[in-house]
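# Descriptive analysis of the structure
Single-letter residue listing:
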Amino acid sequence: MKITARAPANIALIKYWGKKDAALRLPLSGSVSMNLDKVYTITTVEFSPLFKEDQVGIGGEKLGEKESQRVVKHLDRVRKMAGVDHKARVETKNNFPKGTGIASSASGFAALTLAATKSAGLDLTERELSILARLGSGSACRSIPDGFVEWVEGNSHQTSYGRSLYPPGHWGLVDVVAVVTKEEKKVSSTRGHSQADTSPFLAPRIRGMAAKIKRVKEALVAKDFTSLGEAIEAEALNMHAVMMTSVPPILYWLPKTIEIMLAVQRWRQEGLESYFTLDAGATVHVIAQEKDHLVLEKKLSKIEETKRVIASPPGLGARIVKDHLF
Ligand code: PMV
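Residues numbered from 1 in each chain as written. Predicted model: local features only at pLDDT ≥ 70, side-chain atom pairs only at ≥ 80, totals over all residues. Heavy atoms only, no water.

## Considering the overall build of the chain
Broken down by element type, the chain carries nine helices and 14 strands. Relative to its length of 326 residues, the chain is compact, with a C-alpha radius of gyration of 19 Å against a globular reference of 20 Å. Reported as C-alpha extents along the three principal axes, the dimensions of the chain are approximately 65 × 40 × 40 Å. The buried share of the chain, reckoned over its 326 residues, is 56%. When contacts within the chain are restricted to residue pairs at least 6 apart in sequence, long-range pairs at least 24 apart make up 76% of them. As displayed, the chain offers around 14100 Å² of accessible surface, 54% of which is attributable to carbon and sulfur atoms. Put simply, the chain has 46 plus and 36 minus side-chain charges, and the middle of one group is 2 Å from the middle of the other. (Helix = DSSP H or I, 4+ residues; strand = E, 2+ residues; numbered from the N terminus. Rg over C-alpha atoms; globule rule 2.2 N^0.38 Å. Buried < 20%, exposed > 50% of the residue type's maximum accessible area, 1.4 Å probe, protein only. Contact = heavy atoms within 4.5 Å. Areas by Shrake-Rupley, 256 points an atom, 1.4 Å probe, with all protein chains shown as cover. Lys, Arg positive; Asp, Glu negative; His and termini not counted. Charge placed at Lys NZ, Arg CZ, Asp CG, Glu CD.)

See the structure below:
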């Protein structure tokens, strides 16, 4: 059967950086994220006895060899679970630039997991889908459930998964994403995770994670924007400090990245309350309250050479949709 799914990217408020089990993608700590309603991947999957080999396309073109192998590996997991051995055709489309700090692997593997399992005749629970998506890309486990999501760290394959803390309507926050380059990042997050433990700052970071997760969850319950904002900005800088001090060092920022981070802090002093966060890339995510997002969007768009500004409220998780890509 041909099935199409749509899944959102997510922005980590408290980040995942480093794994305790690379093959199972078990994280060194839990994390918390918000799904992005306006930033998503759509994926159509069909298993058929007529296909001689797996075919994977993105935006109408053949996906690169390495990425394609990662998708085929995920299809193999689904085939094994469903007890089918048909080859598949997969076509996928992102509505945002890839590899620039918007997590395309999160939305991509979440959409692939939902579409492929349904297409293979499986009917998994949300938790099972999240666990399976995690094997494709860690942060993908957070793009399965709705709204604000916690990735429960866990200590085994079955106990590490994303669960919804609140539906998207819980709090009118907006992530205003400022894309500063069209070039893909030079160091993949998979490589970054694998060398996180070479940073002298990793151990103190991990020791502080439970307290940070607690603070962010409390800010989410109370809708305390200042507390949330201060926590997430500090958290992004903390993770990037680990990246920069790992061996070899990873520096994802570009001059524009720093210009925007400083502008956000300056605007805040002038009364526009918003906070920045960054995943593994040069893209800056600026989190604001609904009432301020238009002003913020305008200010960010005015920063010279900013490639694109995308404002996104919290979004639903992965869903089946009707329109197929082939
Ligand atoms: O899931 P991955 O391997 O793409 O890692 C994501 C890592 C960060 O985006 C930097 C942080 C996070 O929690 O999403």
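## As for the site of the ligand
Lining the immediate environment of the ligand, one finds 14 residues, of which Tyr16, Ser139, Arg142, Ser189 and His193 sit closest. Contact between the ligand and Tyr16: an oxygen atom at 2.9 Å from a main-chain N or O atom of the residue. Between Ser139 and the ligand, the recorded distance is 2.6 Å, taken from a side-chain N or O atom to an oxygen atom. Of the residues belonging to the shell around the ligand, the class tally is five nonpolar, six polar and three charged. (Near = heavy atom within 4 Å. Polar contact = N/O pair within 3.5 Å; in protein donor to acceptor, adjacent residues only side chain to side chain. Nonpolar A, V, L, I, M, F, W, Y, C, P; charged D, E, K, R; others polar.)

## What about a positive patch on the surface?
Residues Arg266, Lys298, Lys299 and Lys302 make up a contiguous surface patch of positive charge. In terms of residues, the positive patch owes the most to one element, helix α9 (residues 293-302), which gives three residues. With respect to the element layout, Arg266 can be found in helix α8 (residues 255-269). A relative accessible area of 45% means that Arg266 is categorised as partly exposed. (Patch = residues over 30% accessible without salt bridge, like charges linked within 9 Å, V, L, I, M, F, W, Y side chains within 5 Å. Salt bridge = Lys/Arg side-chain N within 4 Å of Asp/Glu carboxyl O.)

## Here's the deal with the side chain of His293
Positionally, His293 belongs in helix α9. Residues contacting His293, with those up to four places away along its chain left out, are Val174, Val176 and Ala311.

## Let's talk about the nonpolar core
Core analysis: the largest hydrophobic core is formed by 32 residues, its most contacted members being Trp17, Tyr252, Ile260, Trp267, Leu296 and Leu300. Broken down by secondary-structure element, the contributors of at least two residues to this core are β10 (173-179), α7 (225-244), α8, β12 (284-289) and α9. Here this core gets five residues from one element, more than from any other, and that element is α8. (Core = buried A, V, L, I, M, F, W, Y, C linked by side-chain atoms within 4.5 Å.)

## A closer look at the pattern of salt bridges
Per the stated rule, a full pass over the model turns up 17 salt bridges. Across the pair Asp54 and Arg79 runs a salt bridge, and its minimum N-O distance is 2.8 Å. Taken as a pair, Asp54 in the loop between β4 (31-48) and β5 (55-58) and Arg79 in helix α1 (residues 65-82) lie far apart in primary sequence, 25 residues in all. Arg79 carries the same exposure label as Asp54, and that label is buried. For the salt bridge of Glu230 with Arg215, the shortest nitrogen-to-oxygen distance reads 3.7 Å. One end of the pair, Glu230, is in helix α7; the other, Arg215, is in helix α6 (residues 209-222), and 15 residues separate them in sequence. Looking at Arg215, the relative accessible area reads 34%, which means it is partly exposed. In this structure, a network of salt bridges that share partners links the residues Asp54, Asp76 and Arg79.

## Considering α8
When the terminal C-alpha atoms of α8 are compared, their 22 Å separation across 15 residues agrees well with the 21 Å that a helix rising 1.5 Å per residue should span. Taken together, the buried positions of α8 are occupied by Lys256, Thr257, Ile260, Met261, Ala263, Val264 and Trp267. Each buried residue of α8 sits inside an arc of 160 degrees when the element is viewed along its axis, so together they form one side. Exposed side chains of α8 directed beyond 90 degrees from the buried face belong to Pro255 and Gln269. Two residues or fewer past α8, Gly271 is found with a positive phi of approximately 115 degrees. (Expected span 1.5 Å × (residues − 1). Arc of directions from axis to C-beta.)

## Considerations on the packing of aromatic side chains
Throughout the structure, instances matching the rule amount to three aromatic pairs. Consider the rings of Tyr16 and Trp151, whose centres lie 4.6 Å apart with planes at 65 degrees: the pair is edge-to-face. With Tyr16 in the loop between β1 (2-14) and β2 (19-21) and Trp151 in strand β8 (residues 148-152), this pair connects stretches of sequence that are 135 residues apart. Each member of the pair, Tyr16 as well as Trp151, carries the same accessibility label: buried. Through successive ring pairs, a cluster of aromatic residues spans Trp171, Phe225 and Tyr275. When the ring centre of Tyr40 is taken as origin, the NZ or CZ atom of Arg6, which lies over that ring, is 3.7 Å away. (Phe/Tyr/Trp six-rings, centres within 6.5 Å; stacked < 30°, edge-to-face > 60°. Lys NZ or Arg CZ within 6 Å of the ring centre and 35° of its normal.)

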